[in-house]
Amino acid sequence: MKKSSFSRSLSSALFACLFVVCVSAWGLTSNVNFQRSGGTARLAATDGRHASDDAFDTLAFMRSAIDDASMQQLAAASSLSTDAGDFASFDFANGTRYPERATTSVGPATYRPGATMAYVPISLDRPTPNTVIARVMTEDGTGLVRGVAGINYQPIYKSVIFRPGDPLTKTVEVPIILGIPGADFIVRFVEAPWGGTMGTDRAYVQCDFQKEATPAQTEGREPRTFSPSGTLQWRMSRDTLKWSDAGHDKAWSTKLPNGRSQPGNQETGIYLDGWVYRDAGIEAPLRYTDEGLVMHSQKLKQPLEWDGVPYDYGSVVLSGHNTRPVQIGYGQYEFTAKMPDRRGSWPAFWLISTAGWPPEIDIYEGFGFESWWDFDRYTANTLHGGANITRTFQEGIFMNSDEVYGIGGFTKGFHSFAVDIQPDYITWFIDGKETYQAVNPFAGFRWYPIMDVAVKTNGDYADGSGDMIVKDIKIYSN
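The structure reproduced in this document is the subject of the present report. (Residues numbered from 1 in each chain as written. Predicted model: local features only at pLDDT ≥ 70, side-chain atom pairs only at ≥ 80, totals over all residues. Heavy atoms only, no water.)

## Some points on the overall build of the protein
Convention followed: Helix and strand definitions follow DSSP, with helices as H or I runs of at least four residues and strands as E runs of at least two, each counted in order from the N terminus. Partly exposed residues are those whose accessible area sits between 20% and 50% of the maximum for their type, while under 20% is buried and over 50% is exposed, using a 1.4 Å probe and protein chains only. Note on contacts: a residue pair is in contact if any heavy atoms of the two residues lie within 4.5 Å. Accessibility throughout is a Shrake-Rupley quantity obtained with a 1.4 Å probe, and a residue counts as covered only by protein chains that appear here.
Broken down by element type, the protein carries three helices and 27 strands. For the protein, with 478 residues in total, the buried portion stands at 53%. Contacts in the protein between residues at least 24 apart in sequence constitute 71% of all its contacts with a sequence separation of at least 6. In the form shown here, the protein has an accessible surface area of approximately 20800 Å², with 52% of it arising from carbon and sulfur atoms.

## Section: the sheet that holds strand β5 (residues 157-162)
The line we're drawing: Being paired, for any two strands, means DSSP has found at least two bridges between them. To obtain an axis, a line is fitted to C-alpha atoms, over the contacting stretch when the element is a helix, and the angle between two such axes runs from 0 to 180 degrees between their N-to-C directions.
Ordered by their spatial adjacency, five strands build an open sheet running β2-β9-β7-β4-β5, and the pairing between neighbours is mixed. Edge positions in the sheet fall to β2 (109-111) and β5, since each has one partner strand and no second. Neighbour to neighbour, the strand axes of the sheet diverge by 25° on average, direction disregarded. In the sheet, strand β4 (residues 132-140) pairs with β5 via six bridges, with the strands oriented antiparallel. By the bridge assignment for β5, Ala134 is matched with Val160.

## So, the environment of Phe92
Examined against the element boundaries, Phe92 turns out to sit in the loop between α2 (57-78) and β1 (103-106). Spatially, the C-alpha atoms of Phe92 and Pro441 are 5.5 Å apart, while their sequence positions differ by 349 residues. For Phe92, the contacting residues outside a window of four places in its chain are Phe87, Arg97, Tyr98, Pro99, Val439, Asn440 and Pro441.

## A short note on the side chain of Glu395
Note the following rule: Polar contacts, as used here, are pairs of N or O atoms within 3.5 Å; protein pairs need one atom able to donate a hydrogen and one able to accept it. Residues neighboring in sequence count only if both atoms are side-chain atoms.
Relative to the elements of secondary structure, Glu395 occurs in strand β22 (residues 390-400). On the basis of relative accessibility, which here comes to 10%, the residue Glu395 falls in the buried class. A polar contact of 2.6 Å, which involves the side chain of Glu395, links it to the side chain of Arg101. If near-sequence neighbours (up to four positions away) are discounted, Glu395 is found in contact with Tyr98, Arg101, Asn130, Thr382 and Leu383.

## Let's talk about the sheet that holds strand β6 (residues 169-175)
Spatially, β6-β3-β1-β8 is the arrangement adopted by the four strands of the open sheet, whose pairing is mixed. Each edge of the sheet is formed by a strand with only one pairing partner; in this case those strands are β6 and β8 (197-198). Pairing analysis gives seven bridges linking strand β3 (residues 117-124) to β6, with the strands arranged antiparallel. Each residue of the ladder has a partner; that of Ser123, found in β6, is Thr169.

## Some thoughts on the nonpolar core
This is how it is decided: Nonpolar cores are built from buried Ala, Val, Leu, Ile, Met, Phe, Trp, Tyr and Cys residues. Side-chain atoms within 4.5 Å join them into one set.
Among the nonpolar cores identified, the biggest contains 71 residues, and Met295, Phe349, Ile361, Met451, Val470 and Ile473 are the most heavily contacted of them. No other element matches the seven residues that strand β26 (residues 447-455) contributes to this core. Within the second largest apolar cluster, 25 residues are counted, among which are Ile122, Tyr153, Ala203 and Val205.

Shown next as structure tokens:
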């Protein structure tokens, strides 16, 4: 509700006095900086406007440019709604096409003096076919009355999650300490949103006693909890999980359908079989212990050849391409395992179509061949679409699951990694909690599972552990 003209005039006079006093005090204690703060500013590329910092009027122009772009994004978002049927009419072309990613933007916000919370809108420009995770943070303002962290607002570093079917706008909360009329600060993306594209990457948040405060927006649905909807078709035990060179209905294969190497992925390991290479002086690639099935990768004492290529490292794989009891159409796969932490190892649980590759669904991947990969905190989920050994799209996400969901320590203990494949959506879970979802482009396909520790390095391959220990596997069919 708006105030009466008398009360508004009185309020204006009081806040004007406060404004003058605060600005005067500010000028005595700080050096007002008219240039942009921070050396990592990334304005939206779509705007195409970059202002010079050499004049006072530039500040107003910058604020106007950012706010105008943000408002355009928000206006587009407000005209749309989203639900689970948004992609029912999309032509996935038998798993070879996928909808475009949503563009994610930060919008401007206002809050009133005396408020304890500011609500900053984060918006999508269209319904998203997959989970989008936007990490946002605050920066001090750039105006004459700069909002300063710890004085005017509490700094934040948060994740905003959009799941398929969510509203197109959500708000992130920024606690307010002292609201001074005209004071501003910035909310911006940490980097490009995971699962989405970058729109307007920052916006101003301003204290204003005349404008209506930006309201809090609907939060969207809660993450799902993993609950198998299918009938238990197969479960791992020492009696049920056996292996052989080629594999059959009662044994997984110790090689991939295309053989014992993956040169197309620049892998440097050969997939070993303890019986096939029993005279090669290798360490057992597969063995049971009290903890579970140990899938052991290693540096070889002497090179082994496959297709005329020598390999200095031993990888390990179990593939269900010839094991019909582990193949399903719609349903759920759940693996429980402890991950390796050796640099150069590449552990994964993944699914391949029984009709051939692609398509592919990656339940978990650990890119240990990348120097920045943190096995205890990072996870990756990916869809690969296409046909006849030709990939036409790759859609997925890598995330810091420890930061976003509080789930980590994957090398220090056992964790469950599950996927639920339904006609409309594919949903990923870690320790029973939904971490990612994507619209299903693979209607009618059947799947077989693969679990492996590949090797992709030319180094010593001696740090930490190169073993993935699998404790349990459950497969449910709908």
